[in-house]
Amino acid sequence: MSAAVLRFAGVSRAYGSGEQTVHALAEVSFEVAAGELVAVMGPSGSGKSTLLALAGGLDAPTSGAVFMEDVELGALDAAALARLRRDRVGYVFQDYNLVTDLTAAENVALPRELAGVGTRAARREAIAALAEVGLADMAGRFPDQLSGGQQQRIAIARALVGQRRLVLADEPTGALDSRTSLAVLEVLRARIDAGAAGVLVTHEPRYAGWADRTIFLRDGRLVDATGPRQTPEQLLGRTA
Amino acid sequence: MQRNAVRWGLLAVFADGPKYGYQLKSEFDAHTSGSWALNVGQVYTTLDRLARDGYVAPIGSNADGREVFAITDQGREALASWFGTPVTDTDRPRSELAIKLAMAAVAPGVDVAAVVQVQRAESMRQMRDYTDLRRQADESDDVAWLLLVDHLIFTLESEVRWLDHVEATVLRRARPGRGRTPLKTPALADQHCTEVEVSGR
């Protein structure tokens, strides 16, 4: 088994105090290994967004610990946490969140430049990341010159540019039609298969099927998860 | 109903030309990737019935001495009628899952949420595995087979959505002052309602 890129160990997050306490997440433990995509499902208010915020170091647990490649996020000071977030974690949102005044290549290069990489080197990395999502020829286009599916693929390239190995995707297909959603999932899956790790929050069971495992949250608790794979023969009941 | 599906499915295989018995089975298996697991005896029995009903007729033997059948005009007409008639799935309300959850909702001592969770985890496991199969397919694969896998994926999707609905309905009803309080099955609750430890693959 590959080393865990992300690990939740008994993580709880509560807001408020006394009778007003809201337990957004309660004693959740799971891991995401390199080359693995884990889908998170659950009704509204079940804790999915809290889980993503904790996974990305944007929020801190009330108890338990979140580890990224064996580094406990809670043990880092603010500057180190910001650096780790910038260098290791990428986000993909439903509404793409691309900077409209920057080209596709500039959008993808942006986190690398913010990390201190020189402009030319950052652009080289951006072009390579765009090539990995099949959009190298769109490098000079602005977001409003691209389709929703293309913008989301650029967001995936941005999420995994350079040394970033963890992508946190929050309903990445929420604004896309079925066919475009599948194209985006194909790109995400390919990047995961190439060695990244990913968490995919989705309401769509059919899209969660692209993940290696699906975990379900209800009232902040992890209530069930998918089991191991079956062979095609077992799956289809084939005798030969 | 399943017998009917096989009968019409086998007749449809004749649409592109005459076949001998084993060839009929091979082509049906190829289109369904063997998922129906038809045995040779079943194919020959169905072939006899199709001939008895006048839907196919023997047209002689091939070089290997195997009896070859072809679809008749009556068979083409019946096949066209089958394609043009909607399927009324009379087995649907009788599915074991529907009955299991309906009964779980009214039987004392059953934690319906736990039953839902066990089933949903299994449904999503199947969803992932069928999605793997679909992802590995390419455009050169048998289109009938691809559509059958898609059917399984879409069916599982609706099943998971229905399971979510069942869970939400039961939990809503379980709130104090909102109807009867469901009882718990301790064994099920202990096994599945607690936090699930999940490790990497």
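Because the structure is a prediction, the values reported are computed rather than measured.

## Some points on the overall build of chain B
Each helix and strand counted, chain B has 8 helices and 3 strands in total. When the elements of chain B are put in sequence order from the N terminus, they spell out α-β-α-α-β-β-α-α-α-α-α. The buried share among the 201 residues of chain B stands at 24%. Of all intrachain contacts in chain B linking residues separated by at least 6 positions in sequence, the fraction that spans at least 24 positions is 56%.

## Some thoughts on the pairing of strand β7 (residues 166–170) of chain A
Residues and elements named next belong to chain A. Taken across its 5 residues, β7 has 5 buried, putting it largely inside the fold. Pairing between strand β6 (residues 89–93) and β7: 5 bridges, direction parallel. Bridge pairing in β7 links V89 to L166. Across 5 bridges, the pairing between β7 and strand β8 (residues 197–201) is parallel. Bridge pairing links L168 to V199 in β8. In terms of handedness, the path from β7 via helix α6 (residues 178–193) over to β8 forms a crossover that is right-handed.

## Comments concerning helix α4 (residues 119–132) of chain A
End to end, α4 of chain A covers 20 Å across 14 residues, agreeing with the expected 20 Å (1.5 Å per residue, within 8%). The positive-phi residue at the C-terminal boundary of α4 of chain A is G134 of chain A, with phi of around 75°.

## Describing the UniProt feature "domain: Transcription regulator PadR N-terminal" (unreviewed entry) in chain B
Per the UniProt record, the feature "domain: Transcription regulator PadR N-terminal" (unreviewed entry) sits at residues 10–80 of chain B. Across residues 10–80 of chain B, helical content stands at 52% and strand content at 18%; the span's end C-alpha atoms are separated by 14 Å.

## Overview of the domain arrangement of chain B
Residues and elements named next belong to chain B. Domain boundaries in chain B define domain 1 (2–84) and domain 2 (92–193). Taken residue by residue, the interface counts 5 residues in domain 1 and 4 residues in domain 2. Tallied by class, the residues present in the side of domain 1 that touches domain 2 amount to 1 nonpolar, 4 polar and no charged.

## So, the packing of helix α2 (residues 21–32) of chain B against helix α3 (residues 40–52) of chain B
Residues and elements named next belong to chain B. Put simply, α2 and α3 touch, their axes get as near as 9 Å, and they point 115° apart. Between α2 and α3, the angle falls in the class roughly perpendicular. α3 is crossed by α2, and the crossing has right-handed handedness. Contacts between α2 and α3 involve G21, Y22, L24 and K25 on the former and, on the latter, V40, V43, Y44 and L47. Partitioned by chemical class, the residues of the contact of α2 with α3 number 6 nonpolar, 1 polar and 1 charged.

## Quick word on the sheet that holds strand β2 (residues 22–33) of chain A
Judged by pairing direction, the sheet is antiparallel, and its 4 strands sit side by side in the order β2-β1-β4-β5 (chain A) without closing on themselves. A strand with exactly one partner marks an edge of an open sheet, and here the two such strands are β2 and β5 (71–72) of chain A.

## Thoughts on the nonpolar core
Soluble globular proteins tend to pack their nonpolar side chains together in the buried interior. V40, V108, L130, I156, A157 and V199 of chain A are the most contacted members of the largest nonpolar core, which totals 87 residues. Dropping the residues within four chain positions of it, L130 of chain A is found in contact with A104, A105, V108, L135, A136, M138, A139 and A157 of chain A. Listed in part, the 13 residues of the second largest apolar core include L24, V56, F69 and I71 of chain B.

## Structural notes on the environment of L10 of chain B
All names here are of chain B. In this fold, L10 is placed in helix α1 (residues 2–13). Distance in space between the C-alpha atoms of L10 and L47 is 8.1 Å, their sequence separation being 37 residues. Aside from chain neighbours lying at most four places away, what touches L10 is L24, F28, V43 and T46.

## Focus on the sheet that holds strand β3 (residues 67–71) of chain B
Residue and element names in this part refer to chain B. The strand order across the open sheet built from 3 strands is β1-β3-β2, with neighbouring strands paired in antiparallel fashion. Taken across any chain shown, the strands that pair with only one partner, and hence form the sheet edges, are β1 (19–20) and β2 (56–61). Sheet topology places β2 next to β3; 5 bridges connect them, and they run antiparallel. Bridge pairing in β3 links A57 to A70.

## What about the pairing of strand β1 (residues 4–15) of chain A?
All names here are of chain A. Pairing between β1 and β2: 8 bridges, direction antiparallel. Bridging across to β2, A14 finds its partner in H23. Direction of pairing for β1 relative to strand β4 (residues 63–68): antiparallel, over a ladder of 5 bridges. Counted as the bridge partner of S12 is S63 from β4.

## Quick word on helix α1 (residues 48–55) of chain A
Residue and element names in this part refer to chain A. Within the sequence span of α1, burial applies to K48, T50, L51, L54 and A55. For α1, the angular spread of the buried residues around the axis is 165°, confining them to a single face. Trailing α1 by a residue or two, G57 shows a phi angle of about 70°, which is positive.

## Some thoughts on the packing of helix α3 (residues 104–114) of chain A against helix α5 (residues 148–159) of chain A
All names here are of chain A. Two elements in contact, α3 and α5, have axes whose closest approach is 8 Å; the angle formed by their N-to-C orientations is 30°. Relative to α5, the element α3 is oriented roughly parallel. Both α3 and α5 take part in a crossing whose hand is right-handed. For the pair α3 and α5, contact is made by A104, N107, V108 and P111 and by I154, A157 and R158, respectively. Each residue belonging to the contact of α3 with α5 can be placed in one class, and the counts come to 5 nonpolar, 1 polar and 1 charged.

## Some details on the environment of H203 of chain A
Residue and element names in this part refer to chain A. If you trace the backbone, H203 turns up in the loop between β8 and α7 (205–208). Sequence spacing of H203 and E132 is 71 residues, and the spatial spacing of their C-alpha atoms is 27 Å. The contacts of H203, once residues within four sequence positions are left out, are M41 and E171.

The rules we used
Residues numbered from 1 in each chain as written. Chains lettered and ligands numbered in written order. Predicted model: local features only at pLDDT ≥ 70, side-chain atom pairs only at ≥ 80, totals over all residues. Helix = DSSP H or I, 4+ residues; strand = E, 2+ residues; numbered from the N terminus. Buried ≥ 20, exposed ≤ 12 C-beta atoms within 10 Å, placed from the backbone. Contact = placed C-beta atoms within 7 Å. Pairing = 2+ DSSP bridges. Right-handed = clockwise from strand over helix to strand, strands pointing away. Expected span 1.5 Å × (residues − 1). UniProt positions renumbered as here; feature names shortened; annotations may be inferred. Domains from an automatic or database assignment. Nonpolar A, V, L, I, M, F, W, Y, C, P; charged D, E, K, R; others polar. Axes fitted to C-alpha atoms, helices over the stretch in contact; angles between N-to-C directions. Parallel < 35°, antiparallel > 145°, perpendicular 65-115°, else oblique. Left-handed = near helix turned anticlockwise from the far one by under 90°. Core = buried A, V, L, I, M, F, W, Y, C linked by C-beta atoms within 7 Å. Arc of directions from axis to C-beta.

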